[in-house]
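This is what each chain is made of:
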Amino acid sequence: LESLEAPPPPVQKLAPTTSPSRVQSVPSDTDRVEPIKGFQKAMVKTMTESLNIPHFVYADELKITRLSELRKILKASHNQSISFMPFLIKAVSNALQRYPVLNSSIDDRCENVIYHARHNIGVAMDTKVGLAVPVIKDVQNLGILEINEELKRLIQSGKQGVFKPSDLAGGTFAVSNIGSIGGTYMKPVILPPQVAIIAIGTSQLLPRYDENRNIVPEEIANISVAADHRVIDGATVANFVKILKKQVENPYLLFLNI
Ligand code: CAO
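Computed from a prediction, not measured in an experiment: that's the story for all the values here.

Criteria and cut-off values
- Residues numbered from 1 in each chain as written.
- Predicted model: local features only at pLDDT ≥ 70, side-chain atom pairs only at ≥ 80, totals over all residues.
- Helix = DSSP H or I, 4+ residues; strand = E, 2+ residues; numbered from the N terminus.
- Buried ≥ 20, exposed ≤ 12 C-beta atoms within 10 Å, placed from the backbone.
- Contact = placed C-beta atoms within 7 Å.
- Core = buried A, V, L, I, M, F, W, Y, C linked by C-beta atoms within 7 Å.
- Domains from an automatic or database assignment.
- Nonpolar A, V, L, I, M, F, W, Y, C, P; charged D, E, K, R; others polar.
- Expected span 1.5 Å × (residues − 1).
- Axes fitted to C-alpha atoms, helices over the stretch in contact; angles between N-to-C directions.
- Parallel < 35°, antiparallel > 145°, perpendicular 65-115°, else oblique.
- Left-handed = near helix turned anticlockwise from the far one by under 90°.
- Near = placed C-beta within 6 Å.

Summing up its helical and strand segments, the protein has 6 helices and 13 strands in all. For the protein, the proportion of its 258 residues judged to be buried stands at 33%. Put simply, 61% of the contacts in the protein that link residues at least 6 apart link residues at least 24 apart.

On to the nonpolar core. If you look at the biggest cluster of nonpolar residues, it comprises 55 residues, and the most contacted ones within it are Leu88, Ile89, Val92, Ile121, Val123, Ala196 and Val248. The set of elements that each furnish at least two residues to this core consists of α3 (84-98), β6 (121-123), β9 (135-136), α4 (144-160), β10 (173-177), β11 (196-200), β13 (215-228) and α5 (234-249). Sorting elements by how many residues they give to this core places α3 first, with 9 residues. Discounting residues that sit within four places of it in the chain, Leu88 has contacts with Val175, Ile200 and Val248.

Before going further, it helps to examine the domain arrangement of the protein. Each assigned domain of the protein is listed here: domain 1 (9-51) and domain 2 (55-256). The C-alpha-based centres of domain 1 and domain 2 are spaced at 29 Å. If you look at the interface, domain 1 gives 12 residues, while domain 2 gives 10 residues. The residue inventory of the side of domain 1 that touches domain 2, partitioned by class, reads 3 nonpolar, 7 polar and 2 charged.

An ideal rise of 1.5 Å per residue puts 24 Å on 17 residues; α4 measures up with 24 Å between its terminal C-alpha atoms. Restricting attention to buried positions, one finds in α4 the residues Ile147, Asn148, Glu150, Leu151, Leu154 and Gly158. Close packing links the buried residues of α4 with α3, β6, β7 (125-127), β8 (130-132) and β9. One or two positions beyond α4, positive phi appears at Gly161, with a value near 75°.

Here the amide bond leading from Pro192 into Pro193 is cis, since omega sits at 10°, within 30 degrees of zero. Tracing the backbone through its elements, the reader meets Pro193 in the loop between β10 and β11. Phi is positive for Asn257, close to 50°, though the residue is something other than glycine. Structurally, Asn257 can be placed in the segment after α6 (251-256). For Asn257, a count of 14 C-beta atoms within 10 Å puts it in the partly exposed group.

This next bit is on the environment of Phe163. Within the secondary structure, Phe163 is located in the loop between α4 and β10. Along the sequence, Phe163 and Pro134 sit 29 residues apart, while their C-alpha atoms lie 7.9 Å from each other. Each residue touching Phe163, except ones within four places of it in the same chain, is listed here: Ala132, Pro134, Ser157 and Leu168.

Turning next to the packing of α3 against α4. As a packed pair, α3 and α4 sit with axes 9 Å apart at the nearest point and diverge in direction by 120°. As the angle between them shows, α3 and α4 are arranged oblique. With respect to the hand of their crossing, α3 and α4 are arranged in right-handed fashion. Counting all contacts with α3, which are made through Met85, Pro86, Phe87, Ile89 and Lys90, the residues of α4 involved are Ile144, Ile147, Asn148 and Leu151. When its residues are assigned to classes, the contact of α3 with α4 shows 7 nonpolar, 1 polar and 1 charged.

Interaxial distance between α3 and α5 falls to 9 Å at its minimum, and their mutual angle equals 140°. One finds that α3 runs oblique with respect to α5. Our pair here, α3 against α5, has a crossing hand that is right-handed. For the pair formed by α3 and α5, the contact residues are Phe87, Leu88, Ala91, Val92, Asn94, Ala95 and Arg98 on the first element and Phe240, Ile243, Leu244, Gln247 and Val248 on the second. Among the residues forming the contact of α3 with α5, the class breakdown is 9 nonpolar, 2 polar and 1 charged.

Another aspect to go through is the site of the ligand. Neighbouring residues of the ligand: 20 residues in total, closest Ser83, Met85, Asp126, Gly179 and Ser180. Those elements that place two or more of their residues in the shell around the ligand are α3, β7, α4 and β10. Grouping the amino acids of the shell around the ligand by side-chain chemistry returns 12 nonpolar, 7 polar and 1 charged.

Moving on, we get to the environment of Asp233. Summarising the element assignment, Asp233 is placed in the loop between β13 and α5. Taking the C-beta count within 10 Å as the criterion, Asp233 has 12 such neighbours and is therefore assigned exposed. Along the backbone, Asp233 and Val129 are 104 residues apart, and their C-alpha atoms lie at a distance of 35 Å.

This is the structure we're talking about:
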């Protein structure tokens, strides 16, 4: 019987200079085995641990029309290129000040909640070496232009595929802007020991009613928040998103933090 079975396919080992899942497929008639290493190995560990978190997802839409206008003005008047992210990250930090449980962790035995003083916001990034979540530290003390500079530095590191270990450590909350690639909605996965994460979808120009019931074009991006239901309830997330939404939709309120 053995002799009737096809011989096992030869195994091609790939030297992983980049994340295995990012390697372009080359037409081949043999299967290929790739070792799980580096960033992908870290992803296996973190994502498996996140399965232990009983989490829920809350979603809403953000009108980013005014923010886009502000970005255009900054570009035209100061030649300052600034994406949507620094504004969002600052608004997240402002909202975390009001709802600090979203910037917490639970200890190993689930007996204590640790409220973090620092707002260390991880940014999910599509990098040369796969998914990485470098961290912008102490966002509570940074202005939007400072966040922009730090984000640009981290994006540059991602392009080279080399991060300082300190850039990848110490995150207390995370934001994933999958919309820069595509997708209208995403259910983000919490990165333990954190207790919440935000995902943003691609912005689209859509019709919406204004206060006079006129239809107006608005730039809309969807936001989803996944939260650990052991320590955070739906009402807290709804209030957190309300603040965030108000500030992102009215950049004056963002600068005044009200
Ligand atoms: N909707 C529509 N356009 C968007 C957008 C969104 N949500 N977010 C960004 N864009 C646009 C930007 O405005 C920019 O266009 P312009 O140059 O015309 O202004 C362009 O997309 C490129 O933006 P960017 O990627 O350079 O900058 P960013 O600060 O918006 O995003 C980063 C940075 C790191 C979040 C992004 O590059 C990235 O890696 N995103 C993927 C995150 C990811 O993989 N998440 C999944 C995690 S789970 O597997």
